[in-house]
Amino acid sequence: MLAAQKDVEVRHELLERLAEARSQTDALFALLRPDSLYERPIRERHRIIFYVGHLEAFDWNLFHQRALALKPFHAEFDQLFAFGIDPVGGGLPADQPKDWPAQMEVRNYVNRVRQALDAGLEAALQSGAEHGEFPVDLLLEVAIEHRLMHAETLAYMFHQLALEQKVQYARIPEAVVPAVTPAMIEIPAGTVTLGLPHTDRTFGWDNEYEAHVASVPAFSIDRYMVSNGQYLDFMVADGYVNRDLWSEADWTWKTEHGITHPIFWKPRDHRWHYRTMFDELPLPLDWPVYVSHAEASAYARWAGKALPTEAQWQRAAFATPDGGERLYPWGNEAPRPEHGNFDFERWDPTPVGAFPQGESAFGVSDLLGNGWEWTSTLFAPFAGFERFAFYPGYSADFFDGKHYVMKGGSPRTAACMLRRSFRNWFQPHYQYVYAGFRCVTNR
Ligand SMILES: [Fe+2]
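Residues numbered from 1 in each chain as written. Predicted model: local features only at pLDDT ≥ 70, side-chain atom pairs only at ≥ 80, totals over all residues. Heavy atoms only, no water.

K.L.:
I'd like to hear about the overall build of the protein, residue by residue, with values.
P.N.:
A tally of regular secondary structure across the protein gives 10 helices and 12 strands. Along the first, second and third principal axes, the C-alpha set of the protein runs to 65 × 55 × 40 Å. Counting the 443 residues in the protein, one finds 53% classified as buried. Summarising the internal contacts of the protein: among those between residues at least 6 apart in sequence, 79% fall at separations of at least 24. Total accessible area on the protein stands at roughly 19,300 Å², and carbon and sulfur atoms take up 53% of it. (Helix = DSSP H or I, 4+ residues; strand = E, 2+ residues; numbered from the N terminus. Buried < 20%, exposed > 50% of the residue type's maximum accessible area, 1.4 Å probe, protein only. Contact = heavy atoms within 4.5 Å. Areas by Shrake-Rupley, 256 points an atom, 1.4 Å probe, with all protein chains shown as cover.)

Structure (structure tokens):
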């Protein structure tokens, strides 16, 4: 195949992926009853209507000038919908529903942006002519992954809405999975690659570069993610009231906000229940617990263990006992549904250990999917980091010593972001993410 022809095919595939990602986010907004669009399900974040406009404003701001030489047609919305909020610092937004444009106006903006971008991208594709300093393919990857990340963050935002504000879905019963017994797996001293080399054709965000090898001393790691059942033991043992288990900052946060249990748990009739996306169930003891970094750290201290570092997690996931490395825990094949709970197959977790085919070479389970995993590593640049000139704040704004790296993926993480170099990050007191953890012991 001629190189030019191959490039055209790659680009057509990217346009198809963008269209699929749009269907994914359109379907999410369609889950909401129309009067819910001006709600703010998480008090530190924007109202939902912002995100309806944001996904298109982001794409427009990324492409119109840099790649397509298109003229703005609604500069006010391009600006209004440009940036989200990171909830560090405690200041809460005070805007009211009436401060936002009418739904119809936002929908019209979305449609017009899509039409203009699609025509421009198609024309650029046909002519092979590019107007800007950045390759259109790279910007398309950025637009696709940005939208898919929002498909996940919007899911956990909508999770916090009252059940009656969402369209109801009948829950498909899951196959019963044999119960597993918690165990730890020894990982011998060795090396692992962090990051993505520039020579790799895979797309990566700025914080994934540059690739480098880390040496990791021997350690043991939980075979499974910590389950709701295990976490309940910590609660029954007064984990939330034992000051010694919490760092100063975490204790202050917990006390000031009156936090006494995971946000997805709900006490009812003297029993714990679990808020799923569309339902409320008796607490499923064998699902991974979803908690903040602060709560995960307190549990780890109580258990006499620690959260893994990013390098430990990476080694348990991708290294092999003979000194090799894999692209995914199970091998080098692209992710398939039998490898784990990811890529929008489900709305909620499955029991830990439900995907034996997804285990790593060392036998560690559930590494990709079923919940992001907190690490003890502060989010910071790798040596050789260079910010993307077209999106300078994507990572660099968060190299502030206040965010921790998460690895893995959740039921709502798209398959493309399961690559081993992908790094997610959140601040330690954010409870709403689909994130849990496993522990390590260091020898
Ligand atoms: Fe965004």
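Next comes the rest of the description.
K.L.:
Pulling in residues and values, what's your account of the coordination of the iron ion?
P.N.:
With distances of 2.2 Å, the protein atoms coordinating the iron ion are His54 (NE2), His146 (NE2) and His150 (NE2). According to the relative accessible area criterion, His54 is buried, its value standing at 4%. Judged by relative accessible area, His146 falls into the buried class, the value being 6%. (Donors = N, O, S within 2.8 Å, 3.2 Å for Na, K, Ca; no water.)

K.L.:
Pulling in residues and values, what's your account of the sheet that holds strand β10 (residues 424-426)?
P.N.:
The 4 strands are arranged β10-β9-β8-β11 in an open sheet whose pairing can be described as mixed. Two strands in the sheet have a free side with no partner beyond their single neighbour: β10 and β11 (435-436). One ladder, built from 2 bridges, connects strand β8 (residues 372-378) with β11; its direction is parallel. Bridge pairing in β11 places Trp372 opposite Ala435. (Pairing = 2+ DSSP bridges.)

K.L.:
Tell me about the layout of surface pockets, residues and numbers included.
P.N.:
Roughly 1,300 Å³ of internal volume is contained in the largest pocket. If you trace the largest pocket, you find 44 residues lining it, with Arg17, Glu141, Arg201, Thr202 and Phe203 closest to the centre. Contributing elements (two or more residues each) for the lining of the largest pocket: α1 (3-29) and α5 (136-159). Looking at the lining of the largest pocket element by element, the count peaks at 8 residues for α1. Partitioned by chemical class, the residues of the lining of the largest pocket number 20 nonpolar, 9 polar and 15 charged. Roughly 1,000 Å³ of internal volume is contained in the second largest pocket. (1 Å grid on protein atoms, 1.4 Å probe; cavity = no way out; pocket = protein on both sides within 12 Å on 5 of 7 lines; lining within 4 Å. Points joined across faces, edges and corners; volume = space filled by probe spheres on them. Nonpolar A, V, L, I, M, F, W, Y, C, P; charged D, E, K, R; others polar.)

K.L.:
Explain the pairing of β8 residue by residue, including any values.
P.N.:
With 5 of 7 residues buried, β8 lies mostly within the body of the structure. Note: β8 against strand β9 (residues 404-407), 3 bridges, orientation antiparallel. Within the sheet, the bridge partner assigned to Leu378 lies in β9 and is Tyr404.

K.L.:
Break down the side chain of Thr350 for me, with residues and values.
P.N.:
Along the chain, Thr350 turns up in the loop between α9 (310-318) and β8. For Thr350, a relative accessible area of 3% gives the class buried. In this structure, Thr350 is in contact with Glu174, Asp286, Trp287, Pro288, Asn341, Phe355 and Asn370, ignoring residues within four places of it in sequence.

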